[in-house]
Amino acid sequence: MPLLSVQNLNVQIGAHRVVDDISFTIHQGEVFGLAGASGSGKSMTALALMGLLPTHGVRSGQAVFNGQDLIASSEKTMQSIRGDQISMIFQEPMTALNPLMSIVDQVAEPILIHKGGSQNQAQDRALQLLDRVGVEAKSGNRHRYPHELSGGQRQRVMIAQAIALKPKLLIADEPSTALDVTTQAEILHLLARLVREDDMAMMLITHDLAVLAENTQNLAVMKDGKIQDHGITKTVFTAKKNSFTQSLIKASEFKSLPKKKPAKIAPGLLLDVDQIVVTYPKANTPAVDQVSLAIAPQESLGLVGGSGCGKSTLARAILGLEPLAGGTISMNGNQITAGQDIPPSTRAMMQIVFQDPFGSFNPRHRVGRLITEPFHALTTPPKDQTQAIAEALLDVGLDPDDQHKYIHEFSGGQRQRLAIARALMIKPNLIILDEAVSALDMVIKAQIIELLSSLRKKHGLSYLFISHDLSVIEAMTDRVLVMDQGQIVEQGPTQDVLKSPQHPVTKTLINAIPRIPKSWR
Amino acid sequence: MLKFIINRMMTLAISLIVASLVIFAAIELIPGDPAAFMLGINAAPDTVAALRQELGLDGHPVARYLRWVAGMMTGDFGQSYTYQVPVVDLVMARLGISLPLTLMALVLTILIALPVGMMAASKRNKAADWGIMGVTQLGIAIPNFWFAMILVLVFAIQLQWFSAGGFPGWDNGLAAGLKALVLPAVALALPQASILARVMRSAMIDVLSQDYIRTARAKGLSEKQVLLRHGLRNAMIPVVTILGLQFSFLIAGAIIIENVFFLPGLGRLVFQAITQRDLIVVESVVMLLVFSVIIVTFLVDIAYAWIDPRLRQSRLNLGAFR
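The rules behind the values
Residues numbered from 1 in each chain as written. Chains lettered and ligands numbered in written order. Predicted model: local features only at pLDDT ≥ 70, side-chain atom pairs only at ≥ 80, totals over all residues. Heavy atoms only, no water. Pairing = 2+ DSSP bridges. Helix = DSSP H or I, 4+ residues; strand = E, 2+ residues; numbered from the N terminus. Axes fitted to C-alpha atoms, helices over the stretch in contact; angles between N-to-C directions. Contact = heavy atoms within 4.5 Å. Buried area = accessible area lost by both parts, 1.4 Å probe. Salt bridge = Lys/Arg side-chain N within 4 Å of Asp/Glu carboxyl O. Polar contact = N/O pair within 3.5 Å; in protein donor to acceptor, adjacent residues only side chain to side chain. Buried < 20%, exposed > 50% of the residue type's maximum accessible area, 1.4 Å probe, protein only.

Draft legend 1. Looking closely at the sheet that holds strand S20 (residues 487-493) of chain A. Residue and element names in this part refer to chain A. Spatial ordering of the open sheet is given by S16-S17-S18-S13-S19-S20, a layout of six strands whose pairing is mixed. Strand pairing shows two members of the sheet lacking a second neighbour, strand S16 (350-353) and S20, which therefore form its edges. Neighbouring strand axes in the sheet, compared pairwise and without regard to direction, differ in orientation by 20° on average. Pairing analysis gives five bridges linking strand S17 (residues 430-434) to strand S18 (residues 462-466), with the strands arranged parallel. Each bridged residue has a counterpart across the sheet, and for Ile 432 the counterpart in S18 is Leu 464. Packed onto the sheet, helix H18 (residues 504-512) meets strand S13 (300-304), strand S19 (479-484) and S20 and runs at close to 105° relative to S19.

Below you can see the structure in the form of C-alpha cells.
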C-alpha cells in the first residue's frame, strides 16, 4: 500500500484553477520528484496536501496518507499531522525562520507542540538535531539567532525542525534553489542521507531537472496545473516520449543557444583593474585582496566563486560603490585610485543588473520613470526620452506601451528584462550582471541568456558576468575568473577552465553541479 | 547588550542637556523682564527688583543656568511665586496623581489595543475586523474631553458607579484613589488605544504574510499558537515605536482630562501656573515632562533590543547586512 495516494486533486484559487485533476502515489522510503516551471502548480500541490493553501484556495479530490484522507480532514486533524507525520521545507532560507526566536527554540518547537515535555528537554533534543544536520552546536549555545547563520546553515536549521519528529513524508519545495552550487550539493546530500537513515519518503519539488535526475526514483512533470509526464525517473528522461519534458531538458542545458564561437574581441582594453584591495572595518582579511582583471571591448568575462568569496564586493568596487583601499581601476583610460571618487562621466559607462528584479525597482513609480533613472548619470540627459524608452523596451522584447505600467504587473522574467532595459538606457560600454539570472527558472533563464547574447552583438557591449551557476557562465562568457577568499585563484578561456580545472576550488564548483547522466541523453 | 545600554545612556544625557538649554533659553529670550511680566503692568519697581532677586535673575546667564541645573540635581527647583512653597513639594504632590493616571491609561491602552488589534488581523476582512476598524475610527475621531463628559454622564450621573470628579487623596485608601482615576484613565486611553489597535492590526497583517509564519503553520501550530508564539513578538516592533510616541500624548492629554475631572494633578498645576504667570513652576514642570519623555524614549530603545536580537548584536554583525 502506498504511503500517499493522490487521486484527482484539484486546487482553485479564486476563478483560477492552479492544480487540475492530478493523481500520483508515493511509497515509503521513496524520493518522488515534482518538476515544472514556475507557476506550473507544483508548490500549490504541496500546500494543498499540507492544508496550507492561501485564504482563497479551495481543494478537492482525495489524498490518502497512511489511511487518512488529507483533503477531507479537519483543520484540527491537519494540525496534528503537520510537523509530526508530514513536514515541509521551503525555498527561502533567509526568510523562512523567525528572526526573533533562537534557532534552538525553533527546532524544539514541533517537539513541544506535538509531544509536550519540558522546554529544556526539547532544547536538548534540538541541539542533537542541529548537530545531526551539521549546524555545529557551539558548545550547546542556546542563544543563536537566524541572522548569525549563512543561507546554507539556515536551510539546515529548516531541515532539522522538519525531521525533528521523524515524519513519514518530507515535502521539500525547491530546498536548494536559492543557494549557491556547492551549498546546494551539500543540502541535497544531507536530505538524501536523512531520508535513507530515517526511512522517510520525500517529495522533492524543483524546476531543476538535473537535481531530480540525480535524486529521485520517480518523477512527475507539471505544466499549467496538469501532470504532463509521469513515471520512473530514468524512463522519463530516456524515453523522450513527451515533448514538454524534452523542452525542459533542452532548456536546462541551454541547447537552444547557438554553439559558442570564440567571440570577435576588439583590440585594446575597456576596463583594467590593477591590484585593487577592498577592506571592511573590523574584518581580519580584505574582502577583495589585490585583484587584477581586464575586460576588452565586446568581451564577456565570467566571475565565479562560492557565496562570500568577494565577487559582489569586487563588482561594487568597480562601480565605485565601495571605496578602494589600494590599487587602481581604469575605465576607458580614466584612472581611479584609492581615495578618489569615480567621476560621473566614467560612472555612466557602466551599468549593473542585480539578482532580485523586484527588489531593485521602486514599486510606486511607473516603468517609464524607473528605466530612465540612469539618465541622472548623464550631464545632459536627452530632452525627449520617449523615443529612448520605446527603443530600450523593444530591445529587451517588451512593448513600448509597457512604460505606463507598474512593476508588480510584470512576471519575474519580464522584470529582469526591465532591469536590462534600464541598464541599456544610457548606452553603457560595460554591464555588470550580478547573479542576474540566478533567481529565474530554467526556461526563463534560457530566454534571458539568449536576450543578453543578442544585445551584446547588437550594441557591442562588454559583460562582467557574476554567477555561481557554471552552466550559465559556460553559455555566456569568453573567459572566466575563479575567486576564493578575496583572491583570483584561477583564470582562462571558459571552455578550458571548465574542461580541465586546475585549482581545487574550481574542481569543487564543477563537481557540485547537478547533472543529467550522459547515458540518459 | 551592556554596550548598547551605555551607548543609549550617553544619548539620553545629551538629550537632557540640550533640552535644559532650550528651556532655559526660552525663558531668557522672552522679551521683557520675567519678573515684571509675572507681576503684571501695575507693579511697583521695587517689588519687581525684589522678585528679580528672588528668582535669581540677576547675574550672568551662564552662572544662572549652572545654578538652575545644579539646583535641579540636588532637588531644589526654586520657590513657586503664587504658592510660596518649594516647587518640588508642589510637583511631588501633583505627581502622586498624574503619574498613576498616566500609567493606568498606558496599561489600559496596551490591554485594549493588543488583543483587539490581533483579533482584527486574524479575522481580516471579516465582520469582526470591520467592526473593530469602525469602532477604532470613532475612537480616534472623538475628542477625549467630550468622551470624558459622556463617561461622566453615563457612569457618574446615570449609573452613579463613580464620582463625577475630584480626588479623595491617597490617605483614604488605595481603592478609593484608584476608583477616582478610572474614568479619567479610560477617557485618556480611548483615542490612544484606538490608534495603537490599528497599528497592531497592520503590523500583524504584515507579519502574518511572512514566510516564517508559513513555516510555523507547517510545524503544526494552531492559529492561536502562530499568533502568540511567532506573530506577537514580531508585530511588537512597530507597536513599541508608536507606544513610545503615545506616552507624550498621554501626558499632554492629561492636562485637559485633569481639568475635566477636577483632578489636582500636574496638568492642572501647569495650567494654573501659566494663567498665573508662575514661570518657575512652568519651567520646572516642563523640564520634568521633557525628562520623562526622554526616559520613555530610552526605555523604548531598550525594548527594541530586548525584542530583536539583531539590534542587540548589530554592532558586532554589521558585516552580515552588507
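Next comes the rest of the description.
Draft legend 2. Broad picture of the interface of chain A and chain B. Taken residue by residue, the interface counts 31 residues in chain A and 27 residues in chain B. Roughly 2500 Å² of surface becomes buried between chain A and chain B when both sides are summed, with 55% attributable to carbon and sulfur atoms. If you look at where chain A meets chain B, you find three salt bridges. The salt bridge partner of Arg 229 of chain B is Glu 109 of chain A, with a shortest N-O separation of 2.5 Å. The interface formed by chain A and chain B holds 14 residue pairs in polar contact (both at pLDDT 80 or more) in total.

Draft legend 3. Region of interest: the pattern of salt bridges. Residue and element names in this part refer to chain A. Counting across every chain of the model gives 26 salt bridges over all chains. A salt bridge links Glu 174 to Lys 42, with the nearest nitrogen and oxygen atoms 3.9 Å apart. With Glu 174 in the loop between strand S7 (169-173) and helix H6 (181-198) and Lys 42 in helix H1 (residues 42-50), this pair connects stretches of sequence that are 132 residues apart. Summarising the burial analysis for this pair, Glu 174 and Lys 42 share the class buried. Residues participating in the shared-partner salt-bridge network are Arg 132, Lys 166, Arg 193, Glu 197 and Asp 198.

The quantities given are spatial measurements derived from coordinates; they are silent on function.
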